[in-house]
Amino acid sequence: MSINDTEESGRSEELIRSLRENRSYVIRTTRMSPHQKNSLKRLRDRFCLPPIDPGSPGSGYNWETVFPHRAADPLRPVILDIGFGMGGELAELASERRDADFLGIEVHAPGVGKLLSEIERLELENVRIAQQDAVVVCGQGVPPGSVAGVHLFFPDPWPKKRHHKRRLVRPGFPELVAPLLAPGGYLYMVTDWQDYAEQMLGVMEESAVLSNPHGGFAPPQPWRPQTAFERKGLAKGHRIYELLYRCQDSS
Ligand SMILES: C[S@@+](CC[C@H](N)C(=O)[O-])C[C@H]1O[C@@H](n2cnc3c(N)ncnc32)[C@H](O)[C@@H]1O
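Residues numbered from 1 in each chain as written. Predicted model: local features only at pLDDT ≥ 70, side-chain atom pairs only at ≥ 80, totals over all residues. Heavy atoms only, no water.

Engineer: Mind laying out unusual backbone geometry, listing which residues take part and the relevant values?
Structural biologist: With a phi angle near 55°, F154 is a residue other than glycine that sits in the positive phi range. For F154, the location among the structural elements is in the loop between β4 (147-153) and α7 (173-177). Judged by its relative accessible area of 8%, F154 is buried. Backbone geometry at W158 places phi at a positive 40°, although glycine is not the residue there. For W158, the location among the structural elements is in the loop between β4 and α7. The exposure class of W158 is buried, given its relative accessible area of 14%. (Helix = DSSP H or I, 4+ residues; strand = E, 2+ residues; numbered from the N terminus. Buried < 20%, exposed > 50% of the residue type's maximum accessible area, 1.4 Å probe, protein only.)

Engineer: Explain the sheet that holds strand β6 (residues 241-246) to me, and be specific about the residues and the numbers.
Structural biologist: Sheet strands associate in pairs through backbone hydrogen bonding, adopting either a parallel or an antiparallel arrangement. Ordered by their spatial adjacency, six strands build an open sheet running β3-β2-β1-β4-β5-β6, and the pairing between neighbours is mixed. The outermost strands of the open sheet, each flanked by one partner alone, are β3 (127-130) and β6. Between one strand axis and the next, the sheet turns by 15° as a mean value, whatever way the strands run. In the packing of helix α4 (residues 88-96) onto the sheet, the strands contacted are β1 (78-82), β2 (101-105), β3 and β4, and the crossing angle to β2 comes to about 175°. (Pairing = 2+ DSSP bridges. Axes fitted to C-alpha atoms, helices over the stretch in contact; angles between N-to-C directions. Contact = heavy atoms within 4.5 Å.)

Engineer: Lay out the environment of Y196 with the relevant residues and their values.
Structural biologist: By the element assignment, Y196 lies in helix α8 (residues 194-207). Judged by relative accessible area, which is 0%, Y196 ranks as buried. Considering only alpha carbons, one finds Y196 and W158, 38 residues apart in sequence, at a separation of 8.8 Å. Apart from the residues within four sequence positions on either side, Y196 is in contact with P155, D156, P157, R167, L168, V169 and T191.

Engineer: Requested: an account of the site of the ligand, with residues and values cited.
Structural biologist: Near the ligand, the surroundings consist of 19 residues, among which S24, E106, A134, F153 and T227 are the closest. A distance of 2.8 Å is found between a nitrogen atom of the ligand and a backbone nitrogen or oxygen belonging to A134. Taken by itself the ligand offers 600 Å² of open surface, and the protein chains cover 97% of this. In a pocket analysis with a 2 Å cut-off to the grid points, the ligand is assigned to the largest pocket. (Near = heavy atom within 4 Å. Polar contact = N/O pair within 3.5 Å; in protein donor to acceptor, adjacent residues only side chain to side chain. Areas by Shrake-Rupley, 256 points an atom, 1.4 Å probe, with all protein chains shown as cover. 1 Å grid on protein atoms, 1.4 Å probe; cavity = no way out; pocket = protein on both sides within 12 Å on 5 of 7 lines; lining within 4 Å. Sits in = over half its atoms within 2 Å of the grid points.)

Engineer: Could you give an account of the environment of I52, with specific residues and numbers?
Structural biologist: By the secondary structure assignment, I52 is in the loop between α2 (34-47) and α3 (63-66). Take I52: its relative accessible area is 5%, and that puts it in the buried class. Put simply, I52 and L19 are 33 residues apart on the chain and 16 Å apart in space, counted from C-alpha to C-alpha. With residues near it in sequence (within four places) discarded, I52 still touches S59, Y61, Q132, V136, Q140 and G141.

Below, the structure written as structure tokens:
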């Protein structure tokens, strides 16, 4: 390890530690349906990745081990979905995009159970799940420069002012995600909370690690499936805000 590598890993450990201080989630005690429980029991070992130990840096994933079919096709895009909830949008997208591999990240066990049952129903060989804090998964699990896209659809809005520090998109988040993107890769965030959308714009602009080809909010991307929380927001009359950032292409 060179001095620069040591500095770099020290910096990212500090970043992960500071982002983990105010967790962006609560583990809810929602009961799981018998079907979700059954799916978890039968399918977890096959489709859920072993948890990353936050205490041991360097314990990252190898995509060819995670998705064995990549040995024959290592250039398949890898896409992350942070906080997939019940996983409806992820299953729909993965079913349409069988040319890409998806890692869904979620801490909510019923959602993991639901997505596992969808993986089975739709025969999705291109989906794996990390049931763990996305800060640890992104900071330690995902190899730098290996990802074509990161989706953050309707992250928990933490609407009370005293809880804003728990919002996932806050200072430090761009520095967590940007290094994961391959050249030309994107970060796509969507929310129905106006003040969170404005916070996202501000945080991204301040950090300037990714470029915003749209200047401000982006138009909706026609390929994005509607999500469960989007339906709830629309039913309350909320406007949907889309933000799309790009990693500079090296060419
Ligand atoms: C409001 S829901 C949105 C779910 C889905 N994307 C949708 O649009 O319907 C946000 C989800 O993010 C998950 N979440 C929040 N912070 C997380 C973190 N740090 N790591 C993993 N999951 C997280 C929560 O458990 C919750 O299920």
